[in-house]
Amino acid sequence: MAKYLALLRGPGVPSTLSPQDMQRVIQKYMSWSDDLRKAGRVLNAEKLRFGEGRVLRGNSGKMAVTDGPYIESKEIVGGFWLIEAGSYDEMLKILSTHPHLEGPGSIEVREIEDTSRRS
Amino acid sequence: MTSGVDALVEHLFRHSAGQIVARLARRLGAARLDLAEEAVQDALVRALSIWPYSGVPAEPRGWLFQVARNRAIDLLRREASLRGKLRELESAAAEALPEQSTALGDDELAMMFMCCHPALPPPARVALTLKTVGGFSVDEVAAAFLAEPETIAQRLVRAKRQIREQAIAIEIPPEAERGERLTSVLDVLYLLFNEGYSAHGGENLTRADLCGESIRLTEILAGNPASDLPEVHALLALMLLQASRLPARVDESGDLLLLGEQDRRAWDQTLIGRGLGHLERAASGDRITAYHVEAAIAATHAAAPDEASTDWDAIVRLYDDLLALKPSPVVELNRAIALAMAKGPAAGIAAIERVESDPALSRYYLLPAALGRLWREAGDVERAARYYEEALARPCSEPERRFLERQLTRCRRTATA
């Protein structure tokens, strides 16, 4: 088993949905993650706050801090999942049904380097 | 925390929403029903944002109620501070509003800084300023951006929400932040001016009032010690030099005249003089901005007695500088037209072909219009006519449409002759 980090990019949740529609969206996510959680494969999952953040830049020793990142909303990382899986193929299979992909967003998945591995 | 699919009973959101609104509104009074509803909606949105990651909390109703109640308290606190503002406004109502006032300019300056706040994505800053300070319609903003109106409308809604959520203030920013804040204010003013100068989609080709307004706002910047900087003077020079040609750009019937057809005696020498004065003040810094280069291009035109004796080689070089500072397909197109003036139509056509398929120009009528003109000059009137037809299929103002039709008729007449 390897660990994979899935970064969810895309605009924030729409605030104009009806309560009923909101519940439907949450239920979709729950259905997606239910089996994974029961199997203990979800190591962590966090939502990142929208609308704030800081970017630190080295600037050759003259560090600068700016508010941000303020990029196109479809590029903003909204949250992440840390999941255990056997391979990239399995991860792709897991993520292929992720409800996030029903919207305009994207998911970037990266294997976490196993520092205990010697070869 | 539980997290199962079954953690949410059917209609939990709908029912909880009603319940919590009722509970809050009862305590706040029916007059505050709107506030209660807003607080609950915010709580639901927060759940929608967080629960997919965290799972559903063990007591979802309790969670929603807590969050909604805290949100209602926040909203009431904000109102309390607004009531203080109301008293300020009431006492201000007794004052007379002066016809001309730098204090009034300060208000507009502060408002622009708010609209151009770095917390907003750049496209939203421009859209918001054009909409609120500039009084643009959504369609006009969209035309200025070469974008779809729906995109702009959504952008505005998001921007306003962000301003509310982040409590962005109406103020002239402190010095440390001002440089960055000023850059986006200038970008917006530049767009505002261009909208007035070319007036996409409008009935009248030039809306001198809009150009005048952006010049006025830039003059406020140039005259305010907080923003009296070389790039501000460069932008102001550019605007004044461009505006000097406004009286000559259309004939008596309001039809568009090309640079070569314009009566240069109608160019406003006072504006040219003021523009050159600001260009001089713009040269005091050590930074060259796109505004400097564009102002220099406008000054080169202003210095020439007619189109033929214009220093087109210099203008092509300035466009090269401009491309290095601000690469854009529109600038490429302008450079290609200048190149045609310097080296002949074939060179211009070859240069346009490099940017012809750029998606940013797909609705830009000037691209096929330029090709139409250059092919006619090259002697292929049939091909020129096809390009003018294509230009007519793209969005443009009424005088622009009449201009294109005139050119098309001319090509067809030559073709059949």
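Model, not experiment: these values are computed from the prediction.

## What to know about the overall build of chain B
Right, so step 1: Looking only at helices and strands, chain B has 18 helices and 0 strands in total.
Right, so step 2: Residue burial in chain B is summarised as follows: out of 417 residues, 47% are buried.
Right, so step 3: Total accessible area on chain B stands at roughly 20600 Å², and carbon and sulfur atoms take up 52% of it.

## Quick word on the overall build of chain A
Right, so step 1: Of regular secondary structure, chain A possesses 2 helices and 6 strands.
Right, so step 2: For chain A, the succession of helices and strands along the chain, N to C, is β-α-β-β-β-β-α-β.
Right, so step 3: In chain A, buried positions account for 32% of the 119 residues.
Right, so step 4: Sequence-distant contacts in chain A: of pairs separated by 6 or more residues, those separated by 24 or more amount to 75%.
Right, so step 5: On chain A, roughly 7400 Å² of surface is accessible, and the fraction owed to carbon and sulfur atoms is 51%.

## Description of the sheet that holds strand 6 (residues 106-111) of chain A
Sheet strands pair via backbone hydrogen bonds, and the direction of the pair is either parallel or antiparallel.
All names here are of chain A.
Right, so step 1: The sheet built from 4 strands is open, its strands ordered 2-5-1-6 with antiparallel pairing. Strands with a single pairing partner mark the edges of an open sheet, and in this sheet they are strand 2 (42-47) and strand 6. On average, each strand axis in the sheet is tilted by 15 degrees relative to the strand beside it, whichever way the strands run.
Right, so step 2: Taken together, the 6 bridges between strand 1 (residues 2-9) and strand 6 define a ladder with antiparallel strand orientation. Note that in strand 6 the partner of L7 across the bridge is E108.
Right, so step 3: Against the sheet, helix 1 (residues 19-38) contacts strand 2 and strand 5 (77-85), and its axis sits at roughly 40 degrees relative to strand 5.
Right, so step 4: Seen against the sheet, helix 2 (residues 88-96) touches strand 1, strand 5 and strand 6 and runs at an angle of roughly 155 degrees to strand 6.

## A closer look at the packing of helix 14 (residues 329-343) of chain B against helix 15 (residues 345-353) of chain B
Residue and element names in this part refer to chain B.
Right, so step 1: Across the interface, helix 14 lies against helix 15 with an axial gap of 6 Å and an inter-helix angle of 165 degrees. Comparing their axes, helix 15 and helix 14 come out roughly antiparallel. Taken as a pair, helix 14 and helix 15 cross one another with a handedness that is right-handed. Contacts between helix 14 and helix 15 involve L333, A336, L339, A340 and K343 from the first element and P345, A347, G348, A351 and I352 from the second.
Right, so step 2: Looking at the contact of helix 14 with helix 15 residue by residue, the class counts come to 8 nonpolar, 1 polar and 1 charged.

## A word on the pairing of strand 1 of chain A
Residue and element names in this part refer to chain A.
Right, so step 1: Counted residue by residue, strand 1 has 6 buried out of 8 residues, so it is predominantly covered.
Right, so step 2: As judged from the 8 bridges shared by strand 1 and strand 5, these two strands associate in the antiparallel manner. Counted as the bridge partner of R9 is V77 from strand 5.

## Some points on the pattern of salt bridges
All names here are of chain A.
Right, so step 1: Within the structure shown, the criterion is met by 21 salt bridges over all chains.
Right, so step 2: With its nearest N and O atoms 2.6 Å apart, the salt bridge here joins E108 to R9. A residue pair is termed long-range when its members are at least 10 positions apart, and E108 in strand 6 and R9 in strand 1 qualify at 99 residues.
Right, so step 3: Overlapping salt bridges bring together R9, E108 and R110 as one network.

## Things to note about the nonpolar core
The tendency in soluble globular proteins is for nonpolar side chains to be buried side by side.
Right, so step 1: Formed by 82 residues in total, the largest nonpolar core has its most connected members in L186(B), L189(B), L221(B), L235(B), I352(B) and L404(B).
Right, so step 2: Among residues more than four places away in sequence, those in contact with L186(B) are L221(B), E231(B), V232(B), L235(B) and Y291(B).
Right, so step 3: Membership of the second largest hydrophobic core comes to 29 residues, among which are M22(A), M30(A), W51(B) and A72(B).

## Section: the confidence of the model for chain B
All names here are of chain B.
Right, so step 1: Averaged over all residues, the pLDDT of chain B equals 82, while 84% of them reach at least 70.
Right, so step 2: Taken as a whole, residues 97-104 scores under 50 in pLDDT and shows 1 contact with residues more than four places along the chain or in a different chain.
Right, so step 3: In the model output, the complex is listed with pTM 0.56 alongside ipTM 0.87.

## Focus: helix 16 (residues 366-377) of chain B
Residue and element names in this part refer to chain B.
Right, so step 1: With 12 residues, helix 16 extends 16 Å between its outermost C-alpha atoms, agreeing within 8% with the 16 Å of an ideal straight helix rising 1.5 Å per residue.
Right, so step 2: Helix 16 sits mainly inside the fold: 10 of its 12 residues count as buried.
Right, so step 3: Buried residues along helix 16 sit against helix 14, helix 15, helix 17 (381-392) and helix 18 (398-416).
Right, so step 4: A positive backbone phi angle near 100 degrees is found at G379, which sits one or two residues after helix 16.

## Here we look at the interface of chain B and chain A
Right, so step 1: Each partner contributes residues to the interface: chain B has 31 residues there, and chain A has 29 residues.
Right, so step 2: Both sides of the chain B and chain A interface together cover about 2700 Å² of buried area, and 63% of this is carbon and sulfur.
Right, so step 3: Applying the counting rule to chain B against chain A returns 0 salt bridges.
Right, so step 4: Run the count over chain B and chain A and you get 3 residue pairs in polar contact (both at pLDDT 80 or more).
Right, so step 5: Of all the secondary structure elements, the ones that give two or more residues to the side of chain B that touches chain A are helix 1 (12-28), helix 2 (33-54), helix 5 (122-133) and helix 7 (149-166) of chain B.
Right, so step 6: Ranked by residues supplied to the side of chain B that touches chain A, first place goes to helix 2 of chain B with 11 residues.
Right, so step 7: Classifying every residue of the side of chain B that touches chain A by side-chain character gives 19 nonpolar, 8 polar and 4 charged.

Criteria and thresholds
Residues numbered from 1 in each chain as written. Chains lettered and ligands numbered in written order. Predicted model: local features only at pLDDT ≥ 70, side-chain atom pairs only at ≥ 80, totals over all residues. Heavy atoms only, no water. Helix = DSSP H or I, 4+ residues; strand = E, 2+ residues; numbered from the N terminus. Buried < 20%, exposed > 50% of the residue type's maximum accessible area, 1.4 Å probe, protein only. Areas by Shrake-Rupley, 256 points an atom, 1.4 Å probe, with all protein chains shown as cover. Contact = heavy atoms within 4.5 Å. Pairing = 2+ DSSP bridges. Axes fitted to C-alpha atoms, helices over the stretch in contact; angles between N-to-C directions. Parallel < 35°, antiparallel > 145°, perpendicular 65-115°, else oblique. Left-handed = near helix turned anticlockwise from the far one by under 90°. Nonpolar A, V, L, I, M, F, W, Y, C, P; charged D, E, K, R; others polar. Salt bridge = Lys/Arg side-chain N within 4 Å of Asp/Glu carboxyl O. Core = buried A, V, L, I, M, F, W, Y, C linked by side-chain atoms within 4.5 Å. pLDDT = per-residue confidence, 0-100. Expected span 1.5 Å × (residues − 1). Buried area = accessible area lost by both parts, 1.4 Å probe. Polar contact = N/O pair within 3.5 Å; in protein donor to acceptor, adjacent residues only side chain to side chain.

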